[in-house]
Amino acid sequence: MTKQETFQLEFENHVKEGLSAFPKFLSSKYIYDDRGDELFQQIMALPEYYLTKAEFNIVETHKSKLRKVFNAHGAFDLIELGAGDGKKTKVLLKELVLNEVEFTYIPIDISQHAIDDLTHSLTTLLPSLEVQGEQGTYFKVLERLATYNKRPKVIIVLGSNIGNLEHPQAIDFLKKIKEVMSSKDLLFMGFDQKKNPLTIQNAYADSQGVTQEFNRNLLHRINKEMDGNFPVDNFEHWESYDPETGTAKSFLIATESCEVEIKKLQLKTFFKKWETIHCEISQKYDDDTVEWLAHQSGLQIEEIYEDHQKLFKDYLFKI
Ligand code: AVI
């Protein structure tokens, strides 16, 4: 079975499970086809979605410090998990290249398309940069790199992607990264912070409805790829941020009762009016919570970087 076929089967099993459950759920992991990627790019450009701008500010402000920290043990591999379009990373890469630091940039992404686009744009922007894109799941590639590459590793995970995982899965994710790290390696990771609840609520319930379309893409994908008949326009996006737990939750809510048939799965499922599908969590953190996650995973916080509006933080970890 190809990687694509395995992923598709996983998606189908997930849909079967999530739509047969009570309450119903679907994972935001499956939003990202080409249309989903494009909608996420639009989200990152929204005035309300402060995360990208804040992390960009962190990288821009602290780039020279980061260069020194990353380069502390000489030549290294800069490994990025979930590279995307690399807009924030490009600031770091430029800083390293302009200062003639010896390193190889290794972006890892599940999408070969994303890797190819990024590599292509870097060839023009920074011709002397050594790029070695790797397509695949993070941990398989990381394990392989840890076995064959003996230079110190700096692993970067930007964008608070960890926030889309519940705490136990986040710990699992950090533990897996920790397993491939040795004493000279570093992990640099973004964690969106708890703040005025309204700022968070607005970031995930934008006035242009892009986040709604982003979530609805799950239903479009089911209709297209599994021969489903979701009346997509009858599902509205609802965001609910809990300032106590720091969890922002996304739902799609049926505004009319309906029966949905998904032929490929031989599944019929009924929605009552106002019934929900839980689609995503976007966890917000504080230093204590990140400290706890690090402790649970066998990592130590070495340094914390913050943007000028105090919205977002990147943490530097070692083992
Ligand atoms: C990818 N991830 C970190 C985004 C977030 O903020 O949770 C996904 C997203 N969902 C709605 N808007 C953005």
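Note that this is a predicted model, so its numbers are computed, not measured.

Sorry if this is basic, but what is going on with the overall build of the chain here?
The helix and strand inventory of the chain stands at 10 helices and 14 strands. Against the 2.2 N^0.38 benchmark of 20 Å for 319 residues, the chain shows a C-alpha radius of gyration of 20 Å, consistent with a compact globule. Seen through its principal axes, the chain has C-alpha atoms that stretch 60 × 45 × 35 Å. Expressed as a percentage of its 319 residues, the buried residues of the chain come to 51%. Summarising the internal contacts of the chain: among those between residues at least 6 apart in sequence, 71% fall at separations of at least 24.

Sorry, what's going on with the site of the ligand here?
The ligand sits among 13 residues. The nearest are Tyr 49, Asn 164, Tyr 204, Glu 280 and Ser 282. The side chain of Ser 282 places a nitrogen or oxygen atom 2.6 Å from an oxygen atom of the ligand. Protein chains bury 97% of the 340 Å² of accessible surface belonging to the ligand in isolation. Mapped by element, the contributors of at least two residues to the shell around the ligand are α2 (34-44), α9 (210-225) and β12 (276-283).

So what exactly am I meant to see when it comes to the side chain of Glu 280 here?
The residue Glu 280 is located in strand β12 in this model. Buried and unpaired, Glu 280 has Lys 284 as its nearest opposite-charge partner, separated by 8.5 Å. Engagement of the side chain of Glu 280 in a polar contact is seen with the side chain of Asn 164, the distance being 3.2 Å. Excluding its chain neighbours within four sequence positions, the residues that come into contact with Glu 280 are Ser 28, Asn 164, Phe 214, Ala 248, Lys 249 and Ser 250.

Help me understand the packing of aromatic side chains, please; the structure alone is not making it clear to me.
Centre distance and the angle of the planes are the two values used to describe a pair of aromatic rings. As enumerated under the stated definition, the model contains 21 aromatic pairs in all. With a centroid separation of 5.5 Å and 45° between ring planes, the pair formed by Phe 7 and Tyr 30 is classed as tilted. A residue pair is termed long-range when its members are at least 10 positions apart, and Phe 7 in helix α1 (residues 3-20) and Tyr 30 in the loop between β1 (24-25) and α2 qualify at 23 residues. In this structure Tyr 30 comes out as buried when scored by relative accessible area, which is 4%. Summarising the aromatic geometry, the rings of Phe 191 and Tyr 285 are spaced 5.0 Å apart at their centres and angled 85° between planes, so their arrangement reads as edge-to-face. Placement of the pair is Phe 191 in strand β7 (residues 186-192) and Tyr 285 in the loop between β12 and α10 (287-297), with a sequence separation of 94 residues.

Could you clarify how one ought to interpret the pairing of strand β11 (residues 267-271) in this entry?
Here is the key point about a regular strand: its side chains alternate between the two faces of the sheet. With burial as the criterion, only one face of β11 is covered, namely that bearing Leu 267, Thr 269 and Phe 271; the residues Lys 268 and Phe 270 on the opposite face remain uncovered. Linking strand β10 (residues 258-262) back to β11 in an antiparallel pair, the connection comprises four residues, with Gln 266 at a positive phi of about 50°.

It is not clear to me how unusual backbone geometry should be interpreted in this structure. Could you clarify?
Excluding glycine, most residues fall at negative phi; most peptide bonds, likewise, are trans. Cis geometry marks the peptide bond from Phe 22 to Pro 23; its omega dihedral reads -5°. Its location among the elements puts Pro 23 in the loop between α1 and β1. You will see that Asp 227, though not glycine, has its phi angle at about 55°, which is positive. The topology assignment puts Asp 227 in the loop between α9 and β8 (235-242). Non-glycine residue Trp 274 carries a positive phi angle of around 75°. Relative to the helices and strands, Trp 274 is located in the loop between β11 and β12.

What is the right way to look at the sheet that holds β8 in this model?
Backbone hydrogen bonds are what pair the strands of a sheet, in a parallel or an antiparallel way. In spatial order, the strands read β1-β12-β9-β8; together these four strands make up an open sheet with mixed pairing. Either end of the sheet is taken by a strand with one partner, and the two such strands are β1 and β8. Two strands pair when backbone bridges link them, and β1 and β12 are joined in this way by two bridges, in the parallel orientation. Of the residues in β12, the one forming a bridge with Lys 24 is Ile 277.

Looking at this structure, I do not really get the nonpolar core. What am I missing?
As a rule of thumb, soluble globular proteins bury nonpolar side chains together. Phe 70, Leu 78, Phe 103, Phe 230, Ile 262 and Ile 277 are the most contacted members of the largest nonpolar core, which has 66 residues in total. Looking at this core element by element, the count peaks at seven residues for helix α3 (residues 50-70). With near-sequence residues (within four places) excluded, Phe 103 lies in contact with Phe 76, Leu 78, Leu 93, Leu 96, Val 97, Leu 129, Glu 130 and Arg 151. Of all hydrophobic cores here, the second largest spans 28 residues; its members include Ile 155, Ile 171, Phe 191 and Leu 299.

Analysis parameters
- Residues numbered from 1 in each chain as written.
- Predicted model: local features only at pLDDT ≥ 70, side-chain atom pairs only at ≥ 80, totals over all residues.
- Heavy atoms only, no water.
- Helix = DSSP H or I, 4+ residues; strand = E, 2+ residues; numbered from the N terminus.
- Rg over C-alpha atoms; globule rule 2.2 N^0.38 Å.
- Buried < 20%, exposed > 50% of the residue type's maximum accessible area, 1.4 Å probe, protein only.
- Contact = heavy atoms within 4.5 Å.
- Near = heavy atom within 4 Å.
- Polar contact = N/O pair within 3.5 Å; in protein donor to acceptor, adjacent residues only side chain to side chain.
- Areas by Shrake-Rupley, 256 points an atom, 1.4 Å probe, with all protein chains shown as cover.
- Lys, Arg positive; Asp, Glu negative; His and termini not counted.
- Salt bridge = Lys/Arg side-chain N within 4 Å of Asp/Glu carboxyl O.
- Phe/Tyr/Trp six-rings, centres within 6.5 Å; stacked < 30°, edge-to-face > 60°.
- Pairing = 2+ DSSP bridges.
- Core = buried A, V, L, I, M, F, W, Y, C linked by side-chain atoms within 4.5 Å.

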